[in-house]
Amino acid sequence: MTKPHEADAAVIGGGPAGLSAAICLARYNRRVLLFDTGRGRSTHHQVNRNYLGFPGGIATVDLRAVGLKQLADYPEASVVHHTVTHLEGDADTGFTVHGQGDAWRARTVVIATGTLDHFPHFEGWEPYVGRSMFWCIACDGYENRGKRILVVGHTDAAAGEALQMRSLSPRVQLLTNSHHEEFSPLYRERLAVARIPLLHDQLLHAEGEDGQLHAVTTRGGRRIELDSLFSIQGATPETRLAVQLDVALASTGYIAVDVEQKTSVPGVYAAGDVTSLHSHQVSAAVHEGSQAASAANYFLYPESLKAG
């Protein structure tokens, strides 16, 4: 192993939250290491249309590229294209970031590792993500007004999403895509009242081209024509590194943070989708990244410079 590299802050995750945190820390003249594997939600094909300042929207991959270019203006910041495998240490002795045969040292850590979405998996599914297969009504619902929408999921959360979609289109169906279902009697009744077909079946194949879905077929032999699919099958927060540092998790499984993005461990902060079950928005991620950076920067000041 080479001699560990030194930094004031290690930011883990190169999405909007991590980029925001790294840029803000660099502007505090802090030495920053941004660990970016080039994966995650912001590497899909979707266009973000509800982030202030981009009329017509901006593709999230382009937002990442602009963010990396912006970060490159600061000599205090470096991007490390390594997967972080292990985190250890504390605020008194410093944190060690391990990854792919190397190690780095940092006085603070910002965890912005996001979530792993549970999309329906069928042959050739990935090119549809962000183009006609979505996970967020706030992000992509508006563009699907009046279209044939298939919501996929087997819980009340999926039923609720289907009901919300009825405010955008009268052509909504719900496919469980599971061997079992977890709908409560209340949501079954609401679906029936809203006349939303509930299909107990599993997705098998998809028809489409250039990222646009046209129809799906199910194991039961159904062929469902559609314009868009909203996957409400849940997501798993990427908390493995946080757990290694004994960071407390909320009851939802996401990283518990306060209003300044502080975790339960001094010197460790979290930002973006990994901190909340809801509000998975670029705007929220950028805000949380900036907030985490400000809190980490203040933590790094000597006590003589801290008021109160």
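Residues numbered from 1 in each chain as written. Predicted model: local features only at pLDDT ≥ 70, side-chain atom pairs only at ≥ 80, totals over all residues. Heavy atoms only, no water.

Colleague: I tried to follow a nonpolar patch on the surface on my own but got confused; where do I start?
Modeller: Taken together, the side chains of Tyr28, Tyr298, Tyr301 and Leu305 define a hydrophobic patch exposed on the protein surface, amounting to about 390 Å² of accessible area. The topology assignment puts Tyr301 in the segment after α7 (282-300). Here Tyr301 falls in the partly exposed class, since its relative accessible area comes to 31%. (Patch = residues over 30% accessible without salt bridge, like charges linked within 9 Å, V, L, I, M, F, W, Y side chains within 5 Å. Areas by Shrake-Rupley, 256 points an atom, 1.4 Å probe, with all protein chains shown as cover. Salt bridge = Lys/Arg side-chain N within 4 Å of Asp/Glu carboxyl O. Helix = DSSP H or I, 4+ residues; strand = E, 2+ residues; numbered from the N terminus. Buried < 20%, exposed > 50% of the residue type's maximum accessible area, 1.4 Å probe, protein only.)

Colleague: What's the story with the sheet that holds strand β15 (residues 212-218) in this structure? I'm lost.
Modeller: Strand order in the open sheet made by the 3 strands is β14-β15-β16, with antiparallel pairing throughout. Both outer strands of the open sheet, β14 (203-209) and β16 (223-225), are each paired with one neighbouring strand and no more. Looking at each pair of strands side by side, their axes are set apart by 25 degrees on average, direction ignored. When β14 meets β15, the two strands line up antiparallel, connected through 6 bridges. (Pairing = 2+ DSSP bridges. Axes fitted to C-alpha atoms, helices over the stretch in contact; angles between N-to-C directions.)

Colleague: What exactly am I supposed to notice about α7 here?
Modeller: Residue pairs spaced three or four apart in an α-helix point in one direction, given the helix's 3.6 residues per turn. Given a rise of 1.5 Å per residue, 19 residues ought to cover 27 Å, and the 27 Å separating the end C-alpha atoms of α7 matches this to within 8%. Buried residues of α7: Val282, Ala285, Glu288, Gly289, Ala292, Ala293, Ala295, Ala296, Asn297 and Leu300, and no others. Buried residues belonging to α7 abut β1 (5-12), α1 (16-27), β3 (47-48), α2 (60-71), β8 (102-111) and β19 (268-270). (Expected span 1.5 Å × (residues − 1). Contact = heavy atoms within 4.5 Å.)

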